[in-house]
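# Fold and geometry: a report
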Amino acid sequence: MSHAPETITKARDLVTQISARTTPARVRVLAVLLEAQRPLSHLDVLTTLHPAIDRVTVYRVLDWLTEQHLAHKLSGDDRVWRFAVAPAPHHHAHFQCENCGRFFCLENVSSDLPVSLPAHFMARMVEITVKGICADCR
Ligand SMILES: [Zn+2]
Ligand SMILES: [Zn+2]
């Protein structure tokens, strides 16, 4: 998949906004996430990149994007991390299609802590995943 020039520009702007160095790998991996509009695994990103970027670099860039809050990551039942652009600085839930296995970000669902924790417990993150069948699979 080749990127639309606006996607590359947007990716470069996002990296520049956090005062980080814009390397081709950072810009191109972020462009893949911007275009996908849904969480992608490392393998998904690798197979989308043409020309290819080596797998270790892609891992590093995905982790870096997550640390910089330009992306967020979630894990599925398969223990595979998936990465998506950070849509907004709030928590949200995800939808996993049980047929095709794809994940989607549900931005209008609150993932505020739905339970109260015992005394002196501290929540670090909340993951809410709704499972079902996506529109393409119905
Ligand atoms: Zn599906
Ligand atoms: Zn998400």
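- Per an unreviewed UniProt entry, the protein chain carries the name Transcriptional repressor and comes from Iodobacter ciconiae.

### Some words on the UniProt feature "binding site: Zn(2+)" (unreviewed entry) in the protein chain
- UniProt marks Cys97, Cys100, Cys134 and Cys137 with the feature "binding site: Zn(2+)" (unreviewed entry), using the numbering shown here. Across 41 residues in sequence, these annotated residues keep their C-alpha atoms within 8.2 Å of one another, forming a single compact spot.
- Assignment of secondary structure puts Cys97 in strand β4 (residues 93-97).
- Residue contacts for Cys97: discarding those within four places in its chain leaves Arg102, Gly132, Ile133, Cys134 and Cys137.
- Note on placement: Cys134 falls in the segment after β6 (129-132).

### Some remarks on the domain arrangement of the protein chain
- Domain parsing of the protein chain yields domain 1 (5-85) and domain 2 (93-137).
- Across the boundary between the two partners, domain 1 contributes 11 residues, which contact nine residues of domain 2.
- Each partner contributes to the roughly 820 Å² buried at the junction of domain 1 and domain 2, and carbon and sulfur atoms together form 56% of this total.
- Summed over the three residues of domain 1 that lose the most area to domain 2, namely Arg38, Leu74 and Asp77, the buried surface amounts to 50% of that side.
- Across the domain 1-domain 2 interface, the total number found is one salt bridge.
- Asp77 is the salt-bridge partner of Lys131, the closest N and O atoms lying 2.5 Å from each other.
- At the junction of domain 1 with domain 2, the criterion picks out two residue pairs in polar contact (both at pLDDT 80 or more).
- Of all the secondary structure elements, the ones that give two or more residues to the side of domain 1 that touches domain 2 are β2 (71-75) and β3 (81-85).

### Here's the deal with the sheet that holds β6
- The sheet built from three strands is open, its strands ordered β5-β4-β6 with mixed pairing. Each edge of the sheet is formed by a strand with only one pairing partner; in this case those strands are β5 (103-106) and β6. Averaged over all pairs of adjacent strands, the angle between strand axes in this sheet comes to 25°, irrespective of strand direction.
- Where β4 lies against β5, four bridges are found, and the strand directions are antiparallel. Directly across from His94, in β5, lies its bridge partner Cys105.

Reading guide: rules and limits
- Residues numbered from 1 in each chain as written.
- Chains lettered and ligands numbered in written order.
- Predicted model: local features only at pLDDT ≥ 70, side-chain atom pairs only at ≥ 80, totals over all residues.
- Heavy atoms only, no water.
- UniProt positions renumbered as here; feature names shortened; annotations may be inferred.
- Helix = DSSP H or I, 4+ residues; strand = E, 2+ residues; numbered from the N terminus.
- Contact = heavy atoms within 4.5 Å.
- Domains from an automatic or database assignment.
- Buried area = accessible area lost by both parts, 1.4 Å probe.
- Salt bridge = Lys/Arg side-chain N within 4 Å of Asp/Glu carboxyl O.
- Polar contact = N/O pair within 3.5 Å; in protein donor to acceptor, adjacent residues only side chain to side chain.
- Pairing = 2+ DSSP bridges.
- Axes fitted to C-alpha atoms, helices over the stretch in contact; angles between N-to-C directions.

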